[in-house]
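Chain by chain, the residues:
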Number of protein chains: 2
Amino acid sequence: MKTIKYGLSAISLAIGIAASGFSISTLANEPTLSKADYEQAKLQYFQRCAGCHGTLRKGATGKSLEPEETLKKGQTRLEKIIAYGTEGGMNNFDDLFTKEEIANLATFIQMTPPVPPEMSLEQMRSHTKEYVAPKDYPSKPLHGLNWENFFVVIERDAGKAAIIDGDTKKIVTHIDTGYAVHVIKGTEHHKVDHAKDVGRFWYTIGRDGKVNKIDLWQTPDKMLVAETKMAYDARDIAVSGDGKYVIAGGYWPAHFVIMDAVTLNPLKVVSTRGYNTKGEFINEARVAAIYTAPNESSFIVAVKETGQMLQVDYSDLDNLTITTIASAEFLHDGFFDPSGRYFQIAANASNKMVVVDTKERKLEAMIDVESLPHPGPGANWVDKKCGPVAGTTHLGVGLVSVWGNDPIGHPDQAWKLCYEVETDGAGVFIRTHETSQYVWADQLKHPEPEIQQSVQVFDKNTHEIVKTIRVTEEEGKAALHMEFNDDGSEVWVSVWNRKDARNPTGEIVVYDAKTLKEKTRIKGLTTPTGKFNVFNRANHKT
Amino acid sequence: MKTIKYGLSAISLAIGIAASGFSISTLANEPTLSKADYEQAKLQYFQRCAGCHGTLRKGATGKSLEPEETLKKGQTRLEKIIAYGTEGGMNNFDDLFTKEEIANLATFIQMTPPVPPEMSLEQMRSHTKEYVAPKDYPSKPLHGLNWENFFVVIERDAGKAAIIDGDTKKIVTHIDTGYAVHVIKGTEHHKVDHAKDVGRFWYTIGRDGKVNKIDLWQTPDKMLVAETKMAYDARDIAVSGDGKYVIAGGYWPAHFVIMDAVTLNPLKVVSTRGYNTKGEFINEARVAAIYTAPNESSFIVAVKETGQMLQVDYSDLDNLTITTIASAEFLHDGFFDPSGRYFQIAANASNKMVVVDTKERKLEAMIDVESLPHPGPGANWVDKKCGPVAGTTHLGVGLVSVWGNDPIGHPDQAWKLCYEVETDGAGVFIRTHETSQYVWADQLKHPEPEIQQSVQVFDKNTHEIVKTIRVTEEEGKAALHMEFNDDGSEVWVSVWNRKDARNPTGEIVVYDAKTLKEKTRIKGLTTPTGKFNVFNRANHKT
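What you see is a predicted model, and the numbers here were worked out from it, not measured in a lab.

## Remarks on the overall build of chain A
Then step 1. Scanning chain A for helices and strands turns up nine helices and 37 strands.
Then step 2. Expressed as lengths along the three principal axes of its C-alpha atoms, the size of chain A is roughly 65 × 50 × 45 Å.
Then step 3. Burial analysis of chain A (542 residues in total) assigns 64% to the buried set.
Then step 4. Restricting to contacts in chain A with at least 6 residues of sequence separation, those with at least 24 account for 54%.
Then step 5. When the accessible surface of chain A is split by element, carbon and sulfur atoms take 50% of a total near 19600 Å².
Then step 6. For chain A, the distance from the average site of its 62 positive side-chain charges to the average site of its 71 negative ones is 2 Å.

## Overview of empty space enclosed by the protein
Then step 1. What the rule picks out here adds up to two cavities of 30 Å³ or more.
Then step 2. Roughly 600 Å³ of internal volume is contained in the largest cavity.
Then step 3. If you go around the largest cavity, you meet 30 residues; those closest to its centre are Val270(A), Ser271(A), Arg273(A), Val270(B) and Ser271(B).
Then step 4. Those elements that provide at least two residues to the lining of the largest cavity are strand S14 (266–271), strand S15 (274–275), strand S19 (308–313) and strand S20 (319–326) of chain A together with strand S14 (266–271), strand S15 (274–275), strand S19 (308–313) and strand S20 (319–326) of chain B.
Then step 5. Among the residues forming the lining of the largest cavity, the class breakdown is 14 nonpolar, twelve polar and four charged.
Then step 6. Counted as a void, the second largest cavity has a volume near 50 Å³.
Then step 7. In this structure, the second largest cavity is lined by Gly186(A), Thr187(A), Glu188(A), His189(A), His190(A), Val239(A), Ser240(A), Gly241(A), Thr292(A), Ala293(A), Pro294(A) and His540(A).
Then step 8. Across the lining of the second largest cavity, the residue classes tally to three nonpolar, eight polar and one charged.

## Remarks on the sheet that holds strand S27 (residues 399–404) of chain B
Residue and element names in this part refer to chain B.
Then step 1. Strands sit in the order S25-S26-S27-S28 across an open sheet of four strands; the sheet is antiparallel. In the strand order of this sheet, the two ends are held by strand S25 (373–383) and strand S28 (417–422), each with one partner. When the angles between neighbouring strand axes are averaged without regard to direction, this sheet yields 20°.
Then step 2. In terms of strand pairing, strand S26 (residues 387–394) meets S27 through four bridges, oriented antiparallel. Each bridged residue has a counterpart across the sheet, and for Gly 391 the counterpart in S27 is Val 402.

## Remarks on the UniProt feature "domain: Cytochrome c" (unreviewed entry) in chain A
Then step 1. The sites that UniProt annotates as "domain: Cytochrome c" (unreviewed entry) are residues 36–113 of chain A.
Then step 2. The straight-line gap between the two end C-alpha atoms of residues 36–113 of chain A is 16 Å; of that span, 58% is helix and 0% is strand.

## Comments concerning helix H3 (residues 35–53) of chain B
All names here are of chain B.
Then step 1. Helix length check: H3 (19 residues) gives 23 Å between terminal C-alpha atoms against 27 Å at 1.5 Å per residue, more than 12% under.
Then step 2. At Phe 46, H3 shows its maximal bend, which comes to roughly 50°.
Then step 3. All buried positions along H3 are accounted for by Tyr 38, Glu 39, Ala 41, Lys 42, Gln 44, Tyr 45, Cys 49, Ala 50, Gly 51 and His 53.
Then step 4. Directly beyond the C-terminal end of H3, a positive phi value near 90° is found at Gly 54.

## Points about the packing of helix H4 (residues 67–84) of chain B against helix H5 (residues 99–108) of chain B
Packed helices, taken two at a time, are described by their axes: the angle between them and the distance between them.
Residue and element names in this part refer to chain B.
Then step 1. Orientation of H4 relative to H5, taken along the N-to-C sense of each, is 120°, at an axis distance of 9 Å. If you check the angle between H4 and H5, you find them oblique. Regarding H4 and H5, the two cross each other, and that crossing is right-handed. Residue-level contacts link Gln 75, Leu 78, Glu 79, Ile 82 and Ala 83 of H4 to Ile 102, Ala 103, Leu 105, Ala 106 and Thr 107 of H5.
Then step 2. Here the contact of H4 with H5 is composed, by residue class, of seven nonpolar, two polar and one charged.

## As for a positive patch on the surface
Residue and element names in this part refer to chain A.
Then step 1. Side chains of Lys 63, Lys 73, Arg 77 and Lys 80 sit close together on the surface and give a patch of like positive charge.
Then step 2. Within the secondary structure layout, Lys 63 lies in the loop between helix H3 (35–53) and helix H4 (67–73).
Then step 3. Here Lys 63 falls in the exposed class, since its relative accessible area comes to 64%.

## Overview of the pattern of salt bridges
Then step 1. For the structure on display, the rule yields 66 salt bridges over all chains.
Then step 2. Asp136(A) is the partner of Lys135(A) in a salt bridge, and the nearest nitrogen-oxygen pair spans 3.5 Å.
Then step 3. Look at Lys135(A) and you get exposed, because its relative accessible area is 72%.
Then step 4. For Arg537(B), the salt bridge identified is with Glu483(B), shortest N-O distance 2.9 Å. Of the two residues, Arg537(B) is situated in helix H8 (residues 534–538) and Glu483(B) in strand S33 (residues 477–484); the sequence distance between them amounts to 54 residues.

## With respect to the packing of aromatic side chains
Residue and element names in this part refer to chain A.
Then step 1. Scanning all chains against the criterion turns up 34 aromatic pairs over all chains.
Then step 2. Relative to Trp 217, the ring of Trp 147 has its centre 5.8 Å away and its plane inclined at 75°; by these criteria the two rings are edge-to-face. Here the residue Trp 147 occupies a position in the loop between strand S3 (129–130) and strand S4 (150–155), and Trp 217 occupies one in the loop between strand S9 (210–215) and strand S10 (224–229), the gap between them amounting to 70 residues.
Then step 3. A relative accessible area of 12% places Trp 147 in the buried class.
Then step 4. Note on Trp 202 and Phe 532: the rings are 6.5 Å apart at their centroids and 40° apart in plane angle, and the pair reads as tilted. Taken together, the residues Trp 202 in strand S8 (residues 201–205) and Phe 532 in strand S37 (residues 528–533) connect sequence positions 330 residues apart. Judged on exposure class, the residue Trp 202 and its partner Phe 532 are both buried.
Then step 5. Taken together, the aromatic side chains of Tyr 38, Tyr 45 and Phe 108 make up a single cluster linked through ring pairs.
Then step 6. Across the ring face of Tyr 45, the terminal group of Arg 57 is positioned such that the distance to the ring centre comes to 5.6 Å.
Then step 7. Lying over the aromatic face of Tyr 251, Arg 235 brings its terminal NZ or CZ to 4.0 Å of the ring centre.

## Describing the environment of Val239(A)
All names here are of chain A.
Then step 1. On the secondary structure map, Val 239 appears in strand S11 (residues 233–239).
Then step 2. Measuring from C-alpha to C-alpha, the distance between Val 239 and Asp 260 comes to 9.8 Å, with 21 residues separating the pair along the chain.
Then step 3. Those residues in contact with Val 239, other than ones at most four positions away along the chain, are Lys 185, Gly 186, Thr 187, Tyr 203, Tyr 245, Val 246, Thr 292 and Phe 299.

## Some thoughts on the sheet that holds strand S36 (residues 518–525) of chain A
All names here are of chain A.
Then step 1. Ordered by their spatial adjacency, four strands build an open sheet running S33-S34-S35-S36, and the pairing between neighbours is antiparallel. In this open sheet, the two strands that pair with only one neighbour each are strand S33 (477–484) and S36. Between one strand axis and the next, the sheet turns through 20° on average, direction left out of account.
Then step 2. In terms of strand pairing, S33 meets strand S34 (residues 490–497) through seven bridges, oriented antiparallel. Paired with Leu 480 across the bridge in S34 is Ser 494.

## Re the packing of H3(A) against helix H6 (residues 99–108) of chain A
All names here are of chain A.
Then step 1. Where H3 meets H6, the closest approach of the two axes is 9 Å, and the angle between their N-to-C directions is 85°. As far as their axial angle goes, H6 and H3 are roughly perpendicular. Where H3 abuts H6, its residues Asp 37, Tyr 38, Gln 40, Ala 41, Lys 42, Gln 44, Tyr 45 and Cys 49 lie against Glu 100, Glu 101, Asn 104, Leu 105 and Phe 108.
Then step 2. Looking at the contact of H3 with H6 residue by residue, the classes come out as six nonpolar, three polar and four charged.

## Things to note about the side chain of Asp337(B)
All names here are of chain B.
Then step 1. Take Asp 337: it is sitting in the loop between strand S21 (331–336) and strand S22 (342–347).
Then step 2. Within the structure, Asp 337 has its side chain in polar contact with the side chain of Ser 339 (distance 2.6 Å).
Then step 3. Excluding residues within four positions of it along the chain, Asp 337 makes contact with Tyr 342, Gln 344, Asn 380 and Asn 405.

## Points about the state of the cysteines
All names here are of chain A.
Then step 1. A complete count under the given rule lists two disulfides over all chains for this structure.
Then step 2. With its sulfur 2.1 Å from that of its partner, Cys 386 forms a disulfide with Cys 418. In this structure the cystine formed by Cys 386 and Cys 418 twists about its S-S bond by roughly 90°; its chirality is therefore right-handed. Here Cys 386 is found in the loop between strand S25 (373–383) and strand S26 (387–394), whereas its partner Cys 418 is found in strand S28 (residues 417–422), with 32 residues between them in sequence. Here the two residues Cys 386 and Cys 418 agree in accessibility, since each one is buried.
Then step 3. In this model Cys 52 remains outside any disulfide bridge; the closest cysteine sulfur is found in Cys 49, 9.0 Å from its own.

## With respect to unusual backbone geometry
Then step 1. Across the junction of Trp252(B) and Pro253(B), the peptide omega takes the value -10°, indicating a cis bond.
Then step 2. Positionally, Pro253(B) belongs in the loop between strand S12 (245–252) and strand S13 (255–260).
Then step 3. Of note, the amide linkage connecting Glu329(B) to Phe330(B) takes the cis form, showing an omega dihedral of -20°.
Then step 4. Tracing the sequence through the fold places Phe330(B) in the loop between S20 and S21.
Then step 5. Unlike most non-glycine residues, Leu372(A) shows phi in positive territory, near 55°.
Then step 6. Among the secondary structure elements, Leu372(A) is positioned in the loop between strand S24 (362–368) and S25.
Then step 7. According to the relative accessible area criterion, Leu372(A) is buried, its value standing at 16%.
Then step 8. Phi angles above zero are rare outside glycine, and His540(B) is one such case at about 55°.
Then step 9. Tracing the backbone through its elements, the reader meets His540(B) in the segment after H8.
Then step 10. The exposure class assigned to His540(B) is partly exposed, which follows from its relative accessible area of 31%.

Cut-offs applied
Residues numbered from 1 in each chain as written. Chains lettered and ligands numbered in written order. Predicted model: local features only at pLDDT ≥ 70, side-chain atom pairs only at ≥ 80, totals over all residues. Heavy atoms only, no water. Helix = DSSP H or I, 4+ residues; strand = E, 2+ residues; numbered from the N terminus. Buried < 20%, exposed > 50% of the residue type's maximum accessible area, 1.4 Å probe, protein only. Contact = heavy atoms within 4.5 Å. Areas by Shrake-Rupley, 256 points an atom, 1.4 Å probe, with all protein chains shown as cover. Lys, Arg positive; Asp, Glu negative; His and termini not counted. Charge placed at Lys NZ, Arg CZ, Asp CG, Glu CD. 1 Å grid on protein atoms, 1.4 Å probe; cavity = no way out; pocket = protein on both sides within 12 Å on 5 of 7 lines; lining within 4 Å. Points joined across faces, edges and corners; volume = space filled by probe spheres on them. Nonpolar A, V, L, I, M, F, W, Y, C, P; charged D, E, K, R; others polar. Pairing = 2+ DSSP bridges. Axes fitted to C-alpha atoms, helices over the stretch in contact; angles between N-to-C directions. UniProt positions renumbered as here; feature names shortened; annotations may be inferred. Expected span 1.5 Å × (residues − 1). Bend = angle between axes of the 7 residues up to and from the residue. Parallel < 35°, antiparallel > 145°, perpendicular 65-115°, else oblique. Left-handed = near helix turned anticlockwise from the far one by under 90°. Patch = residues over 30% accessible without salt bridge, like charges linked within 9 Å, V, L, I, M, F, W, Y side chains within 5 Å. Salt bridge = Lys/Arg side-chain N within 4 Å of Asp/Glu carboxyl O. Phe/Tyr/Trp six-rings, centres within 6.5 Å; stacked < 30°, edge-to-face > 60°. Lys NZ or Arg CZ within 6 Å of the ring centre and 35° of its normal. Polar contact = N/O pair within 3.5 Å; in protein donor to acceptor, adjacent residues only side chain to side chain. Disulfide = S-S within 2.5 Å.

In structure tokens, the structure reads:
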């Protein structure tokens with residue numbers, strides 16, 4: 001065995017472990033990289049691979065990439081997999097990385113994974129910044145725009161959020177955020193608690209753990225009002241029903257952090273490392289999803305690798321009560337039913353939708369669906385036969401699965417599959433609106449451009465696909481993620497400029513929700529991804 | 001840097017980490033040991049040092065012994081400290097270890113600490129053994145003895161528990177247990193739940209994580225009825241109020257395990273790794289103490305290094321609700337007040353007694369006491385001025401601190417110091433009984449033999465020491481731990497045969513609780529330590 005000599009940054013990253021007397025070593029026959037190549041491959045691995053394969057490379061949505069696995073495959077095979085993807089769901093990366101970068105990544109994943117350090121509450125607090133003092137927050141909107149029909153849009157690879165006026169379709173501003181923001185959430189209406197000015201404040205969480213607070217009442221140049229950092233790698237965020245707390249979940253360190261929603265000052269950190277449903281200890285037990293329960297003083301925290309759903313009661317942070325609900329691995333993303341009582345979340349390695357009862361704080365049901373369910377923001381609607389239903393797309397198959405979700409009004413249909421709709425390609429996002437007769441599904445995971453660039457629309461009554469919409473035909477672009485405007489008359493679809501991800505050549509295409517015809521294109525956006533309409537999100541129009 | 005070549009067992013111990021690609025390495029200038037010496041030093045460190053200094057040697061009750069600290073001190077100074085102890089509370093070990101063993105230990109603690117592996121639920125289950133099938137459990141006691149006045153006695157260095165008949169003072173049997181059992185607990189009366197045959201079943205927890213179940217109704221040769229193992233290093237255990245579950249806490253891995261109290265089959269494991277009250281991540285977050293709340297369907301789990309008290313609701317293991325009550329580091333041992341609502345526990349690095357309200361599931365108070373409070377089983381009684389009070393001895397100073405503990409009847413005195421009693425030496429255990437006018441305190445931590453061999457008794461009314469009792473005068477022996485018999489007429493004191501710890505040359509000295517005069521000596525015991533009277537423990541006569 002030998003120690004990596006060039007791994008200066010690897011060593012600084014390993015501080016947490018080094019303090020216990022451990023060092024990063026490579027196995028005798030491991031390949032090596034120059035320091036510069038190692039650092040770049042490490043960064044690219046973190047940005048593009050760690051999400052599915054894990055920082056420690058033990059695997060989750062993706063396969064284990066520990067040296068004992070990768071050394072068996074060898075350099076050539078690994079390069080091919082990275083370049084062209086696999087039928088198992090691995091993306092192709094030949095359009096994002098150069099041949100040399102792919103070769104270095106293939107080498108990097110045959111080497112011992114570097115272990116990143118811990119992050120203390122004190123370290124987080126050192127990142128907290130105030131851009132606008134709370135005493136200077138305006139008492140009414142400072143612009144004449146209809147802010148409740150704003151769309152808050154993730155510009156993924158720019159590290160920005162765009163604010164778009166849903167009435168005029170004009171970009172109000174681009175706001176600096178963390179890297180590759182995964183989710184943005186605002187204050188929402190709550191059954192018990194009551195946030196002030198619901199929908200006004202929005203919170204972004206970057207892949208790099210950076211948290212930014214946006215005030216939609218400010219003039220466009222001052223909308224970014226506060227910032228902090230709660231992890232090195234993170235995915236989700238939520239605001240408490242009373243608007244007092246923000247919670248964000250870390251991939252690394254594996255923990256969640258509760259912050260003061262006014263200042264973003266981190267108040268409480270709770271580790272999610274622990275045991276999976278089989279009783280095996282998981283060090284990299286990442287927080288996949290966080291939501292605020294609409295009827296309870298609780299956050300719902302989904303821990304991916306352990307299959308544990310945490311219901312975190314935020315009414316007393318010093319005496320913090322958490323119910324750990326054992327479900328199935330690997331938890332990913334979810335959404336509430338229309339009553340706000342039941343949380344429906346994908347356990348995508350188990351091909352199940354897990355349902356948690358937030359009133360009783362217990363597992364309500366597990367529904368068998370198909371390969372790698374992924375509902376994104378989800379969709380709830382009413383079916384003629386089954387009553388209230390919800391649906392999910394799948395990462396592994398072109399299929400929308402629909403189940404009953406009204407155990408009180410329709411107990412016979414509840415938590416059972418009602419019907420399935422085949423689509424042309426595996427997708428990531430599904431969406432509808434209470435005013436619409438249609439359900440929209442994207443096909444982002446399909447390898448063929450013409451399918452990846454199309455979304456499909458099916459009818460709630462006939463369960464038949466009524467239209468396949470080619471959102472873009474440009475090379476290197478893909479269509480994803482639908483969001484309705486405030487009154488449900490429009491559907492906004494993102495177009496990723498995947499191949500030109502550093503420039504604002506992405507767009508949002510706006511469709512008439514009834515005729516399904518294109519109305520307009522909003523240009524000048526960099527990899528637009530998730531979009532959040534203020535009114536719909538604040539009022540749970542899911 | 002170089003890898004330890006001889007560390008075969010170190011490597012097997014490090015499996016959990018090795019799987020992530022890490023290896024045990026030593027720093028360039030670290031001293032080394034032969035394989036045989038390394039293994040013996042590692043075992044001796046585990047048995048005698050890890051309790052205070054931690055398996056990873058980050059320190060807790062004792063100082064950090066990581067190489068960056070120990071290399072500064074050097075071989076000679078370390079040998080002296082191990083041999084003769086320090087004024088800071090470190091014991092002398094020259095009576096336990098040879099000079100060569102001390103030299104090897106001094107070298108071992110300058111080397112990189114080996115990291116032990118994890119333990120899964122499946123691994124625990126592979127250790128579960130049935131000695132007597134539950135269907136063969138007797139329906140009434142199979143011996144004619146007064147089992148409710150039995151004493152269950154830890155024979156620390158023999159890895160046994162002795163059952164002693166409190167009426168006849170005869171040893172009924174010696175039962176094989178884990179190594180150096182720390183605590184033995186039986187079923188107790190509970191306000192809400194109701195265990196069958198309260199006081200009949202007893203559960204031991206070994207330092208090696210072995211759990212044994214004892215049935216006091218069996219014939220002496222069959223009293224050991226079941227066994228399992230829930231950790232590599234452990235300290236405390238408890239039985240649920242309904243008698244259905246046993247819970248034990250691990251030092252390594254840092255977790256607690258809930259078992260079926262009938263079969264000892266492990267059902268649920270929960271990690272205690274997490275953040276301390278300052279928001280710093282603690283990997284070795286050890287479970288110091290576990291108790292059953294007498295009025296609630298809850299276990300109380302004290303996590304030493306994080307200063308977090310966990311109130312674990314055992315009414316639904318699949319949807320497990322835990323309230324994490326932030327208090328102070330490092331939590332050690334505690335006891336309930338007479339009402340059963342308040343749990344009083346030492347935070348010995350903070351010199352505080354922490355009080356948890358198990359009804360409201362929150363921190364009730366923190367009381368400043370002196371250096372290293374350690375109440376052991378604790379003592380509650382009634383003071384003329386302050387009303388109901390409780391007291392603790394201290395590891396760091398010869399002092400009993402007494403505080404009011406009746407916030408409802410005596411709110412002005414509650415959780416405030418009522419008075420202090422100076423003793424001749426720092427001690428580990430305090431004890432009294434509702435029928436007695438005296439409180440007993442040992443002085444085990446005092447370096448001088450004549451004080452270490454004496455216990456002191458003070459009067460509840462005058463607050464004055466009324467008698468110093470020299471329990472033994474034999475060289476290498478020490479007096480510790482008091483327990484009353486069922487009607488409070490006797491006090492039993494243990495005599496450790498520290499220098500001859502492998503032979504049954506220890507004893508228990510029985511005193512008349514009123515006259516304070518010696519009645520008899522029970523001989524033939526190996527390092528007798530904690531003693532648990534069935535009736536008193538089952539009925540919370542603390």
